[in-house]
Amino acid sequence: MENHILKIIVRKYGGSSVSDLSKIKKIAKKIAEVADKNTGVAVVVSAMGKTTNQIIEMAKKISDDPPRREMDMLLSTGERITMSLLSMALSKLGVDSISLTGSQCGIITDDRHNNARIIEVRPFRVQDEIAKGKVVVVGGFQGVSYKRDITTLGRGGSDTTAIALAAALNAEKCEIYSDIDGVYTADPALVSEAKHLPEISYQHMQEMSTNGAIVLNSQAVQFAKEKNIAIYTRSTFKPGNETIIR
């Protein structure tokens, strides 16, 4: 018998949050705490730590100018490793879970390899799995072109995946977890007087992203703005502050 899910939340965990196996296990516990009969959960994950950089270095040792299509095939493996491991960790905790690639989630993009844009999201498979009571773990940063080729979404693409998925699922909210507890007036690692911002508008966040702030990428914020999705940016392992973008 299928569950009647009352609300859906989408969570995204960045590379620093899933950089080793112990962190992946901790995140599985955090997800297990929120997934219940009334709450459907889709989790978007990045590649573990520096995996993407290591993959790029490997490719450069083969070719100075590797074909962009083949780079996308290669780069998409990083997120697949994380999503499979997190799904295994959830299963070990007794949480019914399934991992899906961007293409299996119905994330359709144009055919610009290495920097594709999402054209539409057809989330039928994700909805079916959530309706069966499963936590769906999604490989971020990737989709499939209308030519059925694997594509990647460029830097910060996992944020775009999470927000686009949240919009397609009519999610209650989209939570972005990383190693910083929200948005500051400047980089707190460089500027000691930087102030934490509890709330910020889409437009202000886009301006900051365009000027080099690394909290969220500009396309992700544009998606949220168009679909009116509230984004909560939080620290994965140091709860406390958060910034709401709406």
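Details of the structure are given in the entry above.
Basis of the calculations
Residues numbered from 1 in each chain as written. Predicted model: local features only at pLDDT ≥ 70, side-chain atom pairs only at ≥ 80, totals over all residues. Heavy atoms only, no water. Helix = DSSP H or I, 4+ residues; strand = E, 2+ residues; numbered from the N terminus. Contact = heavy atoms within 4.5 Å. Core = buried A, V, L, I, M, F, W, Y, C linked by side-chain atoms within 4.5 Å. Buried < 20%, exposed > 50% of the residue type's maximum accessible area, 1.4 Å probe, protein only. Polar contact = N/O pair within 3.5 Å; in protein donor to acceptor, adjacent residues only side chain to side chain. Phe/Tyr/Trp six-rings, centres within 6.5 Å; stacked < 30°, edge-to-face > 60°. Lys NZ or Arg CZ within 6 Å of the ring centre and 35° of its normal. Axes fitted to C-alpha atoms, helices over the stretch in contact; angles between N-to-C directions. Parallel < 35°, antiparallel > 145°, perpendicular 65-115°, else oblique. Left-handed = near helix turned anticlockwise from the far one by under 90°. Expected span 1.5 Å × (residues − 1). Arc of directions from axis to C-beta. Pairing = 2+ DSSP bridges.

Q: Hey, could you run me through the side chain of T52 in this one?
A: With respect to the element layout, T52 can be found in helix α2 (residues 51-62). Residues in contact with T52, not counting those within four places in the same chain, are A47, L75 and E79.

Q: Even after reading the chapter, I still don't get the nonpolar core, so can you show me in this structure?
A: Here is a general trend for soluble globular proteins: nonpolar side chains tend to be buried in one another's company. Core analysis: the biggest nonpolar cluster contains 40 residues, and V10, V126, L165, C174 and M205 have the highest contact counts within it. Filtering out sequence-adjacent residues up to four positions away, C174 remains in contact with V10, A162, I163, A166, I229, A230, I231 and Y232.

Q: Mind showing me how you'd approach the environment of T236 here?
A: Among the structural elements, T236 can be located in the loop between β13 (231-235) and β14 (242-245). When residues no more than four places from it in sequence are discounted, the contact partners of T236 are Y13, S17, I27, K30, Y177 and S178. Among the polar contacts listed, one links the side chain of T236 to the side chain of S17, at a separation of 2.6 Å.

Q: How should the packing of aromatic side chains be read in this particular structure?
A: Each aromatic ring pair is described using two quantities: the centre-to-centre distance and the angle formed by the ring planes. Taken as a whole and assessed by the stated rule, the structure comprises 1 aromatic pair. Consider the rings of Y13 and Y177, whose centres lie 5.0 Å apart with planes at 20°: the pair is stacked. You can see Y13 sitting in strand β1 (residues 7-13) and its partner Y177 sitting in strand β9 (residues 173-178), a full 164 residues away along the chain. Judged by its relative accessible area of 0%, Y13 is buried. We classify Y177 as buried; its relative accessible area is 8%. In this structure, K26 packs its charged tip against the face of F237, placed 5.6 Å from the ring centre. Across from the ring centre of Y232, 5.1 Å away, lies the NZ or CZ of K173, which sits over that ring.

Q: Just to check I follow, could you spell out the packing of α2 against helix α3 (residues 68-92) for this structure?
A: For any two helices packed against each other, the geometry is given by the interaxial angle and the distance between the axes. Remark: α2 packs on α3, axes separated minimally by 9 Å, with the N-to-C direction vectors making an angle of 150°. In terms of orientation, α2 and α3 fall into the roughly antiparallel class. As for how α2 packs across α3, the hand of that crossing is right-handed. Note on element contacts: α3 touches α2 through M71, L74, L75, T77, G78 and E79, opposite T51, T52, I55, I56 and A59.

Q: Please explain the environment of G139 as it appears in this structure.
A: Along the chain, G139 falls in strand β6 (residues 135-139). Sequence-distant contacts of G139, defined by excluding residues within four places in its chain, comprise V45, E79, M83, L100, G102 and T161.

Q: Sorry if this is basic, but what is going on with helix α1 (residues 21-34) here?
A: An α-helical segment advances 3.6 residues per turn. Residues three or four places apart therefore align on the same side. If you check α1, its first and last C-alpha atoms are 21 Å apart, about what 14 residues at 1.5 Å a residue would give, namely 20 Å. For α1, the complete set of buried residues consists of I24, I27, A28 and I31. Looking straight down α1, one finds its buried side chains confined to an arc of 110°; they lie on one side. The exposed set on the far side of α1, more than 90 degrees from its buried face, consists of K25, K29 and E33. Its buried side turned inward, α1 meets β1, β2 (39-45), α3 and β6.

Q: Even after reading the chapter, I still don't get the pairing of β14, so can you show me in this structure?
A: As a general feature of sheets, a regular strand has side chains that alternate between the two faces. Here 2 bridges tie strand β12 (residues 199-200) to β14, and the two strands are oriented parallel to one another. For I200, the partnering residue across the bridge sits in β14 and is I245. Sheet analysis places β13 next to β14, joined by 4 bridges and oriented antiparallel. Its bridge partner lying in β14, T233 is registered against T243.

Q: Before we go on, may I ask you to explain the sheet that holds strand β3 (residues 97-100) in this structure?
A: Whether parallel or antiparallel, the strands of a sheet pair through hydrogen bonds between backbone atoms. Taken in spatial order, the 8 strands make up an open sheet running β3-β6-β2-β1-β9-β13-β14-β12, and their pairing is mixed. The two strands at the open ends of the sheet, each matched to only one other strand, are β3 and β12.

Q: What's the story with unusual backbone geometry in this structure? I'm lost.
A: Peptide bonds are mostly trans, and most non-glycine residues show a negative phi. Positive phi outside glycine occurs at R148, with the angle close to 70°. Tracing the chain through its elements places R148 in the loop between β7 (142-145) and β8 (150-152).

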